[in-house]
Structure formats: C-alpha cells, structure tokens
Amino acid sequence: MPALSQIEARFLREKPFQGLRVAVSVHLEAKTANLGYVLQQGGAEVYLTGSNPLSTQDDVAAGLASMGVETFGIHGASPEEYQQHLTETLKCHPHLVIDDGGDLVHLLHTTRKDALENLIGGSEETTTGVYRLRQLANENKLLFPMLAVNNSQCKFLFDNRYGTGQSVWDGIIRSTNLTVTGKTVVVAGYGWCGKGVAMRAKGLGAHVIVTEVDPIKAIEAVFDGFDVKPMVEAAPYGDYFVTVTGDIHVINKDAFLAMKDGAICANAGHFDVEVNKEDLRKNIEGYVLPDGRTIYLMAEGRLVNLAAGDGHPAEIMDLSFAMQALAADYICRHEKELKPGLYVLPHELDVKVAQIKLSSMGYSIDSLTEEQKAYLGLK
Ligand code: NAI
C-alpha cells in the first residue's frame, strides 16, 4: 500500500494524532489493520472493531491486539455481540471516529451520547453510511463534523467500482467453485459498485442483465452493452444474482418464485437487507421451492466479497485508506473551522493521493503548460 506508506512516513515525523484516541469501525481484515497501524504511527491510541459480523477475520484481530491496538470483534458475532463490540470501542471516548456504514455514529447519536465529550469529528467509508449521515444532516441532527470519504474520487471510482467488481467475483468463485462463463448474471443496481460487478462478470464470460430504478443509470447500462429488465422479468434467466443497491428488499418473493433451480443470490451492498430473507424463509421452506427447486443465498445475504472472501485487493484499499488517513489529519488541522455537518474532502487531496499512486505504479503524466492554462482560462 505505497500511498498509505508515504502518508505513514509523514505521520511518523509529525505525529498529528499525539494524545488522541481514534475509534475505528471498518471491516476487520488485513488492509484495515494497516490503516490502524498507520494511525498508531501518527501517535494515536487506536480502538478498532469490525463493521459487519461476518467480515471480521480473527487472525487479523489477534495480530492487531498484539500490536497494542485495542481490538474488539470475532468472526460470526451475534447481533448482540456485534453491538457490544461497537460499544466497547466507544468506551475510550474518542477524539476521532472512522466509520463504515454508520453504526458507530448511530450509537453516538443514541445510546452512547456520553462518549461524545472529546469528539472532534470523523469520516465515513461507504455509500450507505453517507446516506445515513445525509439523513441526519438534513434534519440538522448531526452532532459533529463528518467527512464523506466515500464521496472522494480516489475512493468511489476505484474501491466501489474496481474493488467490488473484483472481490465480489473472487468471493463467489472461491466459495461455489462454479464457472461464471456461459452463465447469466443479474446485477441489481448500476451505481459505482454495480458497474464494477457487471463489468467483471462480462469479462468472465457471463451474459449480464442489469436491474435499476434510475433511468439514467439504466441507459448507461444499455450503452455499456448490458441487457436491462425489471427484477421479476430478469429472475427466470439468472444463474447468479448480485445486489449492490444500498436499498432494501430488492429481490422479493415474486422474483424468488420465478428463479431457476440452483439460482445463487449474493449481496454486496452494505447491509443484509437487499435480498429479502424473510420472504425466502416464509415462502420457500429451507430455500427449497414447493416444486423442489433450490435457491442458494450466499453468506447469509451479507457482503459476499468480505464475508466469503478477503475484501478488496490491497492496491485498491491503498487509495481508500490513504484518503481515510488524510481525512483524520484534515479534521485535526481544521478542528476550529469545521461545524457539525457532512463534508467532502478538498479535491487537492484526491489529486495528491492520485499522484502518489500513479508514481508508485510507475506512471507519469503531462502537466499543463502556462500557455495551456491561459487558453483554458485556469489562471
Ligand atoms: P450508488 O448510489 O452509486 O449505486 C446504487 C444504485 O442502486 C443506484 O444507481 C440506484 O439507482 C440503484 N438502486 C437503488 N434501489 C434500487 C432497486 N430497488 N433496484 C435496482 N436498483 C436500485 O451506490 P454504490 O456506491 O454502488 O454502493 C451500493 C452499496 O454497496 C451500498 O450499500 C454501499 O455501502 C455498498 N458498498 C459495498 C462495498 C463492498 O465491498 N461490498 C464497497 C463499496 C460500497
């Protein structure tokens, strides 16, 4: 993770988080461990928990604990244990929070308001967490400044699209040991993640059908060469169904009843609400249809790339976590100016991370000449 390593080198020299406690709730796997380590190198006391009960990797949690990072989490935690781990993480009364999906921030607005006393602000890693923050901000209920790191270009363009695109198929392939080529894949949602999942499915040889609710995204999918249909019409064709909408109940009873025998459903959206499990349980006993067809739901409907795989590749998380590290630094530097609310990081930080990443990958690019800047009206 060369971009993050460069930031780490600066943090080591400058110690921007000296004396500060940082509570982190992000999928507890190897790349997150590196983020925790980098914050620690910057002087922070780090308290870390997962952001999903099935994505925690116990060996990584143990490794972090041995490095002096207070770590809370266990793979397969029950909903109660998961809440308990979040709560434990906030017992440090943090100065900064790094959240992934909004569960930590939710606690700070409800049952753990006592842990707000030192809080300067925080940052959010994913689209669903940003939706939740936006709802709070729109109602003027957000109690501290939060940076939507998800909305930085160096995050969503690469993590959501290429990270999810690759790791979803890695998780599905390694768990099912089935081919993708020659199959029909139904991708629900053609946002940044959906584009990646559909693109990689096509590359693996699948026929791809996209379902959408946004007509503009649907046209994009058509022009990218995909078939577009409502879910219930796509259902009879799909061998694999992947939901990545951030929405609720995207695959329901009507679609399940129209699916082929052996259809595989997987979710890559943040919460396990996209495939309607209640409809599966109620209407399809043991996920076997009344006529004997079977429908498989991977990883209990939780993010398949993290619950059945190792999440995004390190090269991708290098960009996301470089932005997270810079976000933590930014909040400390701008503590006095930032009022409670939802912010995006300045574009210059995206450009800076992209420059480090490009050069670490061995690429260089042109720069605008003075003449070109004048021609483009940039000075
Ligand atoms: P996005 O906002 O770019 O795209 C979501 C798309 O789903 C939109 O185009 C929207 O119109 C569409 N949609 C909403 N309801 C729908 C429905 N009922 N049927 C069909 N389409 C529908 O969001 P993004 O960034 O692609 O994120 C999607 C989800 O994936 C979020 O929950 C996010 O937190 C999560 N995520 C998961 C990752 C992973 O590693 N598995 C990585 C990054 C994000």
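See above for the structure.
One structure accompanies this document, and this report is about it. (Residues numbered from 1 in each chain as written. Predicted model: local features only at pLDDT ≥ 70, side-chain atom pairs only at ≥ 80, totals over all residues. Heavy atoms only, no water.)

Phe17, Val24, Leu39, Leu96 and Leu345 are the most contacted members of the largest nonpolar core, which has 45 residues in total. Among the elements of the structure, helix 1 (2-14), strand 1 (21-25), helix 2 (30-41), strand 2 (45-49), helix 3 (58-66), strand 4 (96-99), helix 14 (314-333) and helix 15 (347-360) are those that each provide at least two residues to this core. Considering each element in turn, this core owes the most residues, 13 residues, to helix 14. Those residues in contact with leucine 39 that sit more than four places away from it in its chain are Phe17, Val22, Val24, Ala44, Val46, Ile98 and Ala328. With 25 residues, the next largest nonpolar core counts Val168, Ile172, Ala206 and Ala268 among its residues. (Core = buried A, V, L, I, M, F, W, Y, C linked by side-chain atoms within 4.5 Å. Buried < 20%, exposed > 50% of the residue type's maximum accessible area, 1.4 Å probe, protein only. Helix = DSSP H or I, 4+ residues; strand = E, 2+ residues; numbered from the N terminus. Contact = heavy atoms within 4.5 Å.)

With that settled, the discussion passes to a nonpolar patch on the surface. Residues Leu368, Tyr375, Leu376 and Leu378 make up a contiguous nonpolar surface patch of roughly 490 Å² in combined accessible area. Within the secondary structure, leucine 378 is located in the segment after helix 16 (370-375). The class of leucine 378 is exposed, set by a relative accessible area of 53%. (Patch = residues over 30% accessible without salt bridge, like charges linked within 9 Å, V, L, I, M, F, W, Y side chains within 5 Å. Areas by Shrake-Rupley, 256 points an atom, 1.4 Å probe, with all protein chains shown as cover. Salt bridge = Lys/Arg side-chain N within 4 Å of Asp/Glu carboxyl O.)

The environment of the ligand is formed by 29 residues, the closest being Thr126, Thr127, Thr128, Glu212 and Asn305. Note that an oxygen atom of the ligand is positioned 2.9 Å from one of the backbone N or O atoms of histidine 270. Here asparagine 305 contributes a side-chain N or O atom positioned 2.8 Å from an oxygen atom of the ligand. Protein chains bury 88% of the 860 Å² of accessible surface belonging to the ligand in isolation. Of all elements in the fold, only helix 6 (127-138), helix 7 (153-176), helix 8 (192-203) and helix 13 (304-307) reach the threshold of two or more residues within the shell around the ligand. Its residues assigned to classes, the shell around the ligand comprises 10 nonpolar, 14 polar and five charged. (Near = heavy atom within 4 Å. Polar contact = N/O pair within 3.5 Å; in protein donor to acceptor, adjacent residues only side chain to side chain. Nonpolar A, V, L, I, M, F, W, Y, C, P; charged D, E, K, R; others polar.)

Attention now goes to the pattern of salt bridges. All told, the structure shown has 21 salt bridges when counted by the stated rule. Arginine 174 serves as the salt-bridge partner of aspartate 310, at 3.3 Å between the closest nitrogen and oxygen. One end of the pair, aspartate 310, is in the loop between helix 13 and helix 14; the other, arginine 174, is in helix 7, with 136 residues separating them in the sequence. Take arginine 174: its relative accessible area is 45%, and that puts it in the partly exposed class. Among the salt bridges present, the one from aspartate 291 reaches arginine 293, with a minimum N-O distance of 3.0 Å. Assessed through its relative accessible area of 54%, aspartate 291 is described here as exposed. Here arginine 293 falls in the partly exposed class, since its relative accessible area comes to 22%. Among the charged side chains, a salt-bridge network with shared partners connects Arg10, Glu14, Asp329 and Arg333.

On to helix 14. Given a rise of 1.5 Å per residue, 20 residues ought to cover 28 Å, and the 28 Å separating the end C-alpha atoms of helix 14 matches this to within 8%. Counting buried residues in helix 14 gives 17 out of 20 residues, a clear majority hidden from the surface. (Expected span 1.5 Å × (residues − 1).)

Another aspect to go through is the sheet that holds strand 4. As summarised here, the arrangement of the seven strands in space is 3-2-1-4-5-6-13, forming an open sheet in which the pairing is parallel. Across the chains shown, the open sheet's two edge strands, defined by having one partner strand only, are strand 3 (70-72) and strand 13 (341-343). Averaged over all neighbouring strand pairs, the angle between strand axes comes to 15°, with direction disregarded. Both strand 2 and strand 3 contribute to a ladder of three bridges, which runs parallel. In the strand pairing of strand 3, leucine 48 is matched with threonine 71. Contacting strand 1, strand 2 and strand 3, helix 4 (residues 79-90) runs over the sheet at an angle of about 170° to strand 2. Each of strand 4, strand 5 (121-124) and strand 6 (145-148) touches helix 14; the most contacted strand, strand 5, lies at about 160° to it. (Pairing = 2+ DSSP bridges. Axes fitted to C-alpha atoms, helices over the stretch in contact; angles between N-to-C directions.)

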